[in-house]
Amino acid sequence: MGGWAIAVHGGAGVDPNLPLQRQEEAKRLLTRCLKLGISALRSNLPAIDVVELVVRELESDPLFNSGRGSALTEKGTVEMEASIMDGTKRRCGAVSGVTTVKNPVSLARLVMDKSPHSYLAFSGAEDFARQQGVEMVENDYFITEENVGMLKLAKEANSIMFDYRIPLPSTCSAGAAAANNPIRMNGLPISVYAPETVGCTVVDRQGRCAAATSTGGLMNKKIGRIGDSPLIGSGTYAGKLCGVSCTGEGEAIIRATLARDVAAVMEYKGLGLQAAVDFVIKERLDEGKAGLIAVSNKGEVACGFNANGMFRGCATEDGFMEVGIW
Amino acid sequence: MGWAIALHGGAGDIPRSLSPDRRLPREAALRHCLQLGVSALQSHAHPLDVVELVVRELENHPQFNAGKGSVLTTDGTVEMEACIMDGKTMRCGAVSGLTTVVNAVSVARLVMDKTPHIYLGFQGAEAFAREHGLETVDPSHFITPENIERLKQAKEANRVQVIAQQIDYTQPIKQDEKSEVLAATGGSGDSQIGTVGCVAVDRDGNLATATSTGGLVNKMVGRIGDTPVIGAGTYANSYCAVSATGRGEAVIRATVARDVAALMEYKGLSLQEAAAYVVGERVPQGTAGLVAVSASGEVTMPFNTTGMFRACATEDGYTEIGIWPTEQE
């Protein structure tokens, strides 16, 4: 083995009723991002630059839950978070509570490269962004009509959840959705859950691993809620042996320190990449639903999920390429 | 098997020349907090309640870097963070960016107990604390003269570091410049101190950990350290409970707390071996320390810094309170 490998994801936990057109759109975006990364790898761009590049592309597209197209807080605003890690020296950067920075993953990169810290949040992160001269926009740039609609449904779904004496009116779409679709994640019916955190992990020809994850977080989340995506060891991890990016129910991923555990199981139990991925998905998630993508320094790629689906794509230097949802 | 408890008041470059008026009150506080925790365990309090109780006490003590006595951000303000985790259920709670809440660890506990989330930050965390009627005060309550001085020294050290970079290294450094650089960057020595924490296990093997801090002196506003990052500064599962301290950035990269447990779980190391390995091999010298207890009632308190304010006790009567390495180490 050896050679480069790349994997991207657009979230674990997929609405089984997702219209075919949306599925095709998602696959096209994943393919486009994969090709961007492949082209960069062929030009010998280091892994850390490739993951940033690819996640920026995912953030800029409104389709998935990151950057533009992020899920909305309970107040209808957007608060984004991201993290990035460079496996060679395990340097890392993360941001939370970002509201005006166009590409949170790039801000996370700057925290890693240009600040004495690893993690900046809220107004401190925004101040740093201003100092660094990154591209900033109004918060409503990130808000899409579709998510405004989703937020409304999520609020309805939450209030329905809490009062079981009230029969579900058949006109209530959230109620109908919940009735037809028993899948719930983080307490919300899958149709309004908006799981599509994005991420990318890469190993380059020199065997250097890197990973990055970016998200708008949970639909209808409390202001200030931080999930797994910016937490090194939970949503993102990269070391000498592998790179990992996770997605799904944030709280479950945090409890499982999912990303770190893939690497720990390789380091401390000597498992190979796929075995490590399978192990953590099976053993570490208990009732939580999540997924992850991973690459090894040997040029392998793997993914695993216990949710009903995960938007993903992966490719290796020897010509293997696959994009999938289920 | 029996209960065990360990607590810390921060690892760092604590000089052996620390004056009695700075050393004695802290030793007394460690002793007092240890006794509080031991009594609670003897009364069969759940480890989660024990660690919260002890950390609240450490937060209230003005000479540790948490709650009152927190180090200051570069703007001269206080931003506190904390985390708590239950080993059996792996439930956890964390907060960052608190400015008016007296006990950050109790906010973290509420996040764990009363929300479907794990981590709340900044204004959201403050609002949540207020909603739940937690005690809040004016931000100036947390600021101590000691910390105003530390911030001043840290800013001075940065300034001198900048000057040092401009010195022409092809010429020998003049004696007075060199001592100025050394004095400024060495500072009072204890400006590296970060964090308080407590870990406990009861007779039934229930484990819990809690950590709380004001963070890094002169930190950028909004900087989050290892304390609230599950797996970095704080972690508990069915094997052990860990609370770490030191240079946050180093603890995060090494996922210190999780790695102690992972080494026990995946490599079969004992608590002592796992903790010693992580502190010895996974973080740079001078950057970290931790306290940990195992499900079977063992305790360990390794550190690779000059010192770590610490105390521990086990049901069979062992007690230890210390700052610097003991003779055997």
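Rules behind the numbers
- Within each chain, residue numbers correspond to sequence positions counted from 1 in written order.
- Whichever chain is written first becomes A and whichever ligand is written first becomes 1, with later ones labelled in order.
- In keeping with the predicted nature of the model, local features appear solely for residues at pLDDT of at least 70, side-chain atom pairs appear and are counted solely at 80 or more, and the whole-chain, interface and lining totals rest on all residues.
- The side-chain quantities take in all heavy atoms of the structure and omit both hydrogens and water.
- The helix and strand labels rest on DSSP assignments: H or I over at least four residues marks a helix, E over at least two residues marks a strand, and numbering proceeds from the N terminus.
- Relative accessibility thresholds used throughout: buried, under 20% of the residue-type maximum; exposed, over 50%; partly exposed, between the two (1.4 Å probe, protein chains only).
- What makes two residues a contact is simply this: any of their non-hydrogen atoms within 4.5 Å.
- Here the open area of atoms and residues is found with the Shrake-Rupley method and a 1.4 Å probe, where only the protein chains shown may cover a residue.
- At least two DSSP bridges between two strands are needed for those strands to be called paired.
- Helix axes use the C-alpha atoms of the stretch in contact, all axes being lines fitted to C-alpha atoms, and the angles between their N-to-C directions lie in the range 0 to 180 degrees.
- UniProt positions are given in the numbering used here, feature names are shortened, and annotations may be inferred rather than shown by experiment.
- Only centres within 6.5 Å qualify two rings of Phe, Tyr or Trp (six-membered ring in Trp) as a pair; their planes then separate them into stacked at under 30 degrees, edge-to-face at over 60, and tilted for everything else.
- Each residue after the first adds 1.5 Å to the expected span of a helix.
- As a working definition, buried area equals the accessible area (1.4 Å probe) given up by two parts on being put together, with both sides summed.
- The working definition used for a salt bridge is a side-chain nitrogen of Lys or Arg within 4 Å of a carboxyl oxygen of Asp or Glu.
- By the criterion applied in these results, polar contacts are pairs of N or O atoms within 3.5 Å in which, for protein atoms, one can donate a hydrogen and the other can accept it, and in which residues neighboring in sequence qualify only through two side-chain atoms.
- The predictor attaches a confidence to each residue, called pLDDT, with possible values from 0 through 100.

Asker: Give me the lowdown on the overall build of chain A, citing residues and values where you can.
Answerer: In terms of helices and strands, chain A carries ten helices and 15 strands. Per-residue burial for chain A yields a buried fraction of 63% across its 326 residues. The long-range share in chain A, meaning contacts at least 24 apart out of those at least 6 apart in sequence, stands at 68%. Carbon together with sulfur atoms contributes 52% to the accessible area of chain A, which is approximately 11,500 Å² in total.

Asker: Tell me about the sheet that holds strand β9 (residues 225-226) of chain A, residues and numbers included.
Answerer: Strands sit in the order β9(A)-β4(B)-β3(B)-β2(B)-β6(B)-β5(B)-β1(B)-β11(B)-β12(B) across an open sheet of nine strands; the sheet is mixed. Of all the strands in the sheet, just β9 of chain A together with β12 (319-322) of chain B have a single pairing partner and so form its edges. Bridge analysis of strand β2 (residues 80-86) of chain B against strand β6 (residues 207-213) of chain B gives six bridges, and the strand direction is antiparallel. Bridging from a neighbouring strand, Glu81(B) pairs with Thr213(B) of β6(B). Contacting β2, β3 (92-98), β4 (119-121) and β6 of chain B, helix α3 (residues 104-114) of chain B crosses the sheet at an angle of about 135° to β3(B). The strands that helix α4 (residues 122-131) of chain B touches are β3 and β4 of chain B; relative to β4(B), the one it contacts most, it runs at about 105°.

Asker: Break down the UniProt feature "binding site: substrate" (unreviewed entry) in chain B for me, with residues and values.
Answerer: Residues and elements named next belong to chain B. The UniProt record annotates "binding site: substrate" (unreviewed entry) at Arg-223, Ile-224, Gly-225, Asp-226, Thr-245, Gly-246, Arg-247 and Gly-248. Position of Asp-226 among the secondary structure elements: in the loop between β6 and β7 (234-236). When neighbours within four sequence positions are excluded, Asp-226 is seen to be in contact with Ala-232, Gly-233, Ala-244, Gly-248, Val-251 and Ile-252. Checked against the element boundaries, Gly-248 lands in helix α7 (residues 248-253). Setting aside its immediate chain neighbours within four residues, Gly-248 contacts Arg-223 and Asp-226.

Asker: Which residues make up the packing of aromatic side chains, and what are the values?
Answerer: Applying the stated rule across the entire model yields five aromatic pairs over all chains. With a centroid separation of 5.3 Å and 50° between ring planes, the pair formed by Phe64(A) and Phe311(A) is classed as tilted. Of this pair, Phe64(A) sits in the loop between α2 (47-60) and β2 (80-86) while Phe311(A) sits in strand β14 (residues 310-316), and the two are 247 residues apart along the sequence. The same class applies to Phe64(A) and to Phe311(A), which are both buried. Residues Phe279(A) and Tyr266(B) carry aromatic rings whose centres are separated by 5.9 Å and whose planes lie at 75° to one another, so their mutual orientation is edge-to-face. Taken together, the residues span two chains, with Phe279(A) in helix α10 (residues 273-283) and Tyr266(B) in helix α8 (residues 256-267). Residue classification places Phe279(A) among the partly exposed positions, given a relative accessible area of 22%. A relative accessible area of 7% means that Tyr266(B) is categorised as buried.

Asker: Before we move on, could you go through the environment of Gly231(B) and cite the residues and values that matter?
Answerer: Mapped onto the elements of the fold, Gly231(B) is located in the loop between β6 and β7. On the basis of relative accessibility, which here comes to 2%, the residue Gly231(B) falls in the buried class. Sequence separation between Gly231(B) and Met301(B) is 70 residues; the distance between their C-alpha atoms is 17 Å. Once residues lying within four places of it in the same chain are set aside, the contact partners of Gly231(B) are Thr257(A), Thr255(B), Val256(B), Ala257(B) and Arg258(B).

Asker: Mind laying out helix α2 (residues 47-60) of chain B, listing which residues take part and the relevant values?
Answerer: With 14 residues, α2(B) extends 20 Å between its outermost C-alpha atoms, agreeing within 8% with the 20 Å of an ideal straight helix rising 1.5 Å per residue. All of the buried residues in α2(B) are Pro47(B), Leu48(B), Val50(B), Val51(B), Glu52(B), Val54(B), Val55(B), Leu58(B) and Glu59(B).

Asker: Tell me about the interface of chain B and chain A, and please be specific about residues and values.
Answerer: On the chain A side, the residues contacting the 41 residues of chain B number 41 residues. Taken together, the two surfaces of chain B and chain A that pack against each other cover about 3,400 Å², and 62% of this comes from carbon and sulfur. Looking at the side of chain B facing chain A, the largest losses of area belong to Met220(B), Arg253(B) and Tyr266(B), adding up to 22% of the total buried there. Taken together, chain B and chain A are joined by four salt bridges. Here Asp261(A) and Arg258(B) are joined by a salt bridge, their closest N and O atoms 2.6 Å apart.

Asker: For the environment of Thr236(A), give the residues involved together with the corresponding values.
Answerer: Residue and element names in this part refer to chain A. Along the chain, the position of Thr-236 falls in strand β10 (residues 236-238). Judged by relative accessible area, Thr-236 falls into the buried class, the value being 0%. Sequence-wise, Thr-236 and Leu-45 are 191 residues apart; in three dimensions their C-alpha atoms are separated by 20 Å. Residues contacting Thr-236, with those up to four places away along its chain left out, are Ser-83, Met-85, Ala-211, Ala-212, Thr-213, Ser-229, Leu-231, Val-244 and Ala-259. Reaching out from Thr-236, the side chain makes a polar contact with the side chain of Thr-213 at a distance of 2.6 Å.

Asker: Kindly report on the confidence of the model for chain A, identifying the contributing residues and their values.
Answerer: A residue-level look at chain A finds 90% of positions with pLDDT of 70 or above and a mean pLDDT of 90. Scored below 50 in pLDDT, residues 160-180 of chain A shows 14 contacts in the model against residues more than four places distant or in partner chains.

Asker: Lay out the side chain of Ser106(B) with the relevant residues and their values.
Answerer: Residue and element names in this part refer to chain B. Considering the arrangement of structural elements, one finds Ser-106 in helix α3. Assessed through its relative accessible area of 5%, Ser-106 is described here as buried. Leaving out residues up to four positions away in the same chain, Ser-106 has contacts with Glu-52, Arg-56 and Leu-134.

Asker: Outline the confidence of the model for chain B, supporting the account with residue identities and numerical values.
Answerer: Residue and element names in this part refer to chain B. Model confidence for chain B is summarised by a mean pLDDT of 90, while 88% of its residues fall at 70 or above. A low-confidence stretch, residues 165-189 (pLDDT under 50), is modelled with 20 contacts involving residues beyond four sequence positions or located in other chains. Here the predicted complex scores 0.92 on pTM and 0.90 on ipTM.

Asker: An account of the side chain of Ser66(A) is requested, with residue identities and associated values reported.
Answerer: Structurally, Ser66(A) can be placed in the loop between α2 and β2. Not counting residues up to four positions away in its chain, the partners in contact with Ser66(A) are Leu58(A), Glu59(A), Asp61(A), Val198(A), Ser214(A), Thr215(A) and Gly216(A).

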